[in-house]
Amino acid sequence: MKKAERRKMILEQLQKTGSMTIKDLEHVFHVSGETIRTDIHSLISQSLVIKEHGKIRINHAFKEMPLAYRSSERMQSKRSLAVRAFKEIKNGQIVYIDGGSTTLSGIEALQTKSGITVVTDSFPIAQRCLDLKIKTIILGGEIDCIEQRTNSYFAIRMLENIHIDLAVLGTLGVQGTDGFTTLHPNGIALLRTVLQQTDQIIVLCDSNRFKEHASYIYARFREIDMLITRPLTNDQRKIFSAIPSVVEVG
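Counting from 1, residues in each chain are numbered in the order their sequence is written. Per-residue local features of the predicted model are confined to residues with pLDDT of at least 70, and side-chain atom pairs are confined, for both listing and counting, to 80 or more; whole-chain, interface and lining totals are unaffected and use all residues. With hydrogens and water stripped out, all remaining heavy atoms of the structure feed into the side-chain values.

Chemist: Explanation requested: the overall build of the chain in the structure shown.
Modeler: The secondary structure content of the chain amounts to 10 helices and 14 strands. In this setup the radius of gyration rests on C-alpha atoms only. A globule is expected at 2.2 Å times the number of residues raised to 0.38. The C-alpha radius of gyration computed for the chain amounts to 19 Å, which stays within 12% of the reference 18 Å derived for 250 residues, consistent with globular compactness. Only heavy atoms matter for contacts: two residues are in contact if any of them lie within 4.5 Å across the pair. Here the contacts in the chain between residues at least 6 apart in sequence split such that 59% fall between residues at least 24 apart. Total accessible area on the chain is roughly 12,300 Å²; 50% of this is exposed by carbon and sulfur atoms. We score Asp and Glu as negative and Lys and Arg as positive, and we do not count His or the chain ends. In this description, the location of a charge corresponds to atom NZ of lysine, CZ of arginine, CG of aspartate or CD of glutamate. Computed over 33 positive and 27 negative side-chain charges, the separation of the two mean positions in the chain equals 3 Å. In this description a helix means any DSSP run of H or I spanning at least four residues, a strand means any run of E spanning at least two, and both kinds are numbered starting from the N terminus. Only the protein chains shown count as cover for residues, and the accessible areas themselves come from Shrake-Rupley with a 1.4 Å probe.

Chemist: It is not clear to me how the sheet that holds strand E9 (residues 164-169) should be interpreted in this structure. Could you clarify?
Modeler: In a beta sheet, neighbouring strands are held together by backbone hydrogen bonds and run either parallel or antiparallel to one another. Following DSSP output, two strands are said to pair if at least two bridges run between them. Spatially, the 7 strands line up as an open sheet ordered E6-E5-E4-E9-E11-E13-E14, and their pairing is parallel. Only two strands of the sheet have a single neighbouring strand rather than two, namely strand E6 (135-138) and strand E14 (245-248). Each adjacent strand pair in this sheet contributes to an overall mean axis angle of 20 degrees, direction not counted. With 5 bridges joining them, E9 and strand E11 (residues 198-205) adopt parallel strand pairing. Opposite Ile-164, over in E11, you have Thr-198 as the bridge partner. Axis definition: a line fit to C-alpha positions, over the contact stretch in the case of helices; interaxial angles, taken between N-to-C directions, run 0 to 180 degrees. Sheet strands in contact with helix H7 (residues 123-131) are strand E4 (94-97), strand E5 (117-120) and E6, and its direction is about 160 degrees off that of E6. Sitting on the sheet, helix H9 (residues 188-197) touches E4, E9 and E11, and the angle it makes with E11 is about 130 degrees.

Chemist: What is the right way to look at the packing of helix H2 (residues 22-29) against helix H3 (residues 33-45) in this model?
Modeler: As a packed pair, H2 and H3 sit with axes 9 Å apart at the nearest point and diverge in direction by 110 degrees. The angle between H2 and H3 places the two elements in the roughly perpendicular class. For the crossing formed where H2 meets H3, the hand is right-handed. Facing Ile-22, Leu-25, Glu-26 and Phe-29 of H2, the residues of H3 in contact are Gly-33, Ile-36, Arg-37 and Ile-40. The residue makeup of the contact of H2 with H3, split by class, is 5 nonpolar, 1 polar and 2 charged. Here is the rule for angles: anything less than 35 degrees is roughly parallel, anything more than 145 is roughly antiparallel, 65 through 115 is roughly perpendicular, and the remaining ranges are oblique. Each crossing gets its hand from how the near helix is turned against the far one by less than a right angle, where anticlockwise is left-handed and clockwise is right-handed. Under the grouping applied here, Gly and all other residues not named as nonpolar or charged are polar, the nonpolar ones being Ala, Val, Leu, Ile, Met, Phe, Trp, Tyr, Cys and Pro and the charged ones Asp, Glu, Lys and Arg.

Chemist: Help me understand the packing of aromatic side chains, please; the structure alone is not making it clear to me.
Modeler: How two aromatic rings sit relative to each other is set out by the distance from centre to centre and by the angle between their planes. Geometry of aromatic contacts follows a simple scheme: Phe, Tyr and Trp rings, the Trp one being its six-membered ring, pair when their centres are within 6.5 Å, and the pair is stacked under 30 degrees between planes, edge-to-face over 60, tilted otherwise. This structure, assessed with the given rule, holds 4 aromatic pairs. Judged by centre distance (5.5 Å) and plane angle (85 degrees), the rings of Tyr-153 and Phe-154 are edge-to-face. With a 1.4 Å probe rolled over the protein chains alone, any residue whose accessible area is under 20% of its type maximum counts as buried; one over 50% counts as exposed, and the rest are partly exposed. Looking at Tyr-153, the relative accessible area reads 52%, which means it is exposed. The exposure class assigned to Phe-154 is exposed, which follows from its relative accessible area of 55%. Residues Phe-180 and Phe-221 carry aromatic rings whose centres are separated by 5.0 Å and whose planes lie at 65 degrees to one another, so their mutual orientation is edge-to-face. Linking Phe-180 in strand E10 (residues 179-182) with Phe-221 in the loop between strand E12 (216-220) and strand E13 (226-229), this pair joins segments that are 41 residues apart in sequence.

Chemist: Please explain H2 as it appears in this structure.
Modeler: Each α-helix winds once per 3.6 residues, and so residues spaced three or four apart point in a common direction. Those residues of H2 lying buried are Ile-22, Leu-25, Glu-26 and Phe-29. Across the axial projection of H2, the buried residues extend over an arc of 105 degrees, all falling on one side. His-30 lies just past H2 and shows a positive phi near 55 degrees. Comment: arc refers to directions from the helix axis out to C-beta atoms.

Chemist: Explain the nonpolar core to me, please; I cannot follow it from the model alone.
Modeler: One recurring pattern in soluble globular proteins is that nonpolar side chains are buried together. Nonpolar cores were defined as sets of buried Ala, Val, Leu, Ile, Met, Phe, Trp, Tyr and Cys residues, with membership established by side-chain atoms within 4.5 Å. Judged by nonpolar contacts, the single largest core of 28 residues is most densely connected at Tyr-96, Leu-169, Phe-180 and Phe-240. Elements supplying a minimum of two residues to this core: helix H8 (153-159), E9, H9, E11 and E12. If you tally residues by element for this core, the top one is H9, at 4 residues. Beyond its immediate chain neighbours, meaning those up to four positions away, Phe-240 contacts Val-174, Phe-180, Phe-210, Phe-221, Leu-227, Leu-232 and Val-246.

Chemist: Would you mind showing me how to read the environment of Leu-104 here?
Modeler: Here Leu-104 is to be found in helix H6 (residues 101-105). The spacing of Leu-104 and Asn-186 is 82 residues in sequence and 22 Å in space, taken between C-alpha atoms. Discounting residues that sit within four places of it in the chain, Leu-104 has contacts with Pro-124, Ile-125 and Arg-128.

Chemist: Would you take a moment to explain the pairing of E4 for this structure?
Modeler: Regular strands have side chains that alternate between both faces of the sheet. Here 3 bridges tie E4 to E5, and the two strands are oriented parallel to one another. Within the sheet, the bridge partner assigned to Ile-94 lies in E5 and is Thr-117. When E4 meets E9, the two strands line up parallel, connected through 3 bridges. Bridged to Val-95 within E9 is Leu-166.

Shown next as structure tokens:
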């Protein structure tokens, strides 16, 4: 088992149990105490777990698995949503791409476009675009080492000086809300600026988001132009009725 996969599974195990000792984790993963301690040290250095009273627990400041540990989840489903969204991009456009595992999974589809410029706050998105030789603008400011992105005052000031043709955004959860959400309140200002600077807004929403809750709404359903999602039930279609275009990807 690769280190990243095991560390992801450790996080998932701690989410289920609340807390565990090093010895508990040894038994679960059938590896040495030294291996588990190395994994835990890495997770502590990323502020993902906390060690207290001889046990390891999740740092509850994080409500979602970090990008590095979730990018392999539901990969085919995510990629199909991203690829469908990127079909809306026209040659020569300036495009904002939100950071996240869903948008990242389909970046290769941008190779079919010519003369586009990608604007992003995500270092993984920017790196993938550079690998594909796509003109890229990364927004500046303080870097969130967990999400590998910027969302500070400086990023917003840069964004205010860029006219964007199309933006592809994600969402944390939609359960119990009338809009699309983000993990942290300090991300709202950046995403609101994206809405103000952009002609066409597309949001991607995988089916697992329908059952997830989040506190911070960055856009009401009526404020976006297109939702790209998995096949919906009739009740779910009613929820999204304010959105002009809803595309269901089978």
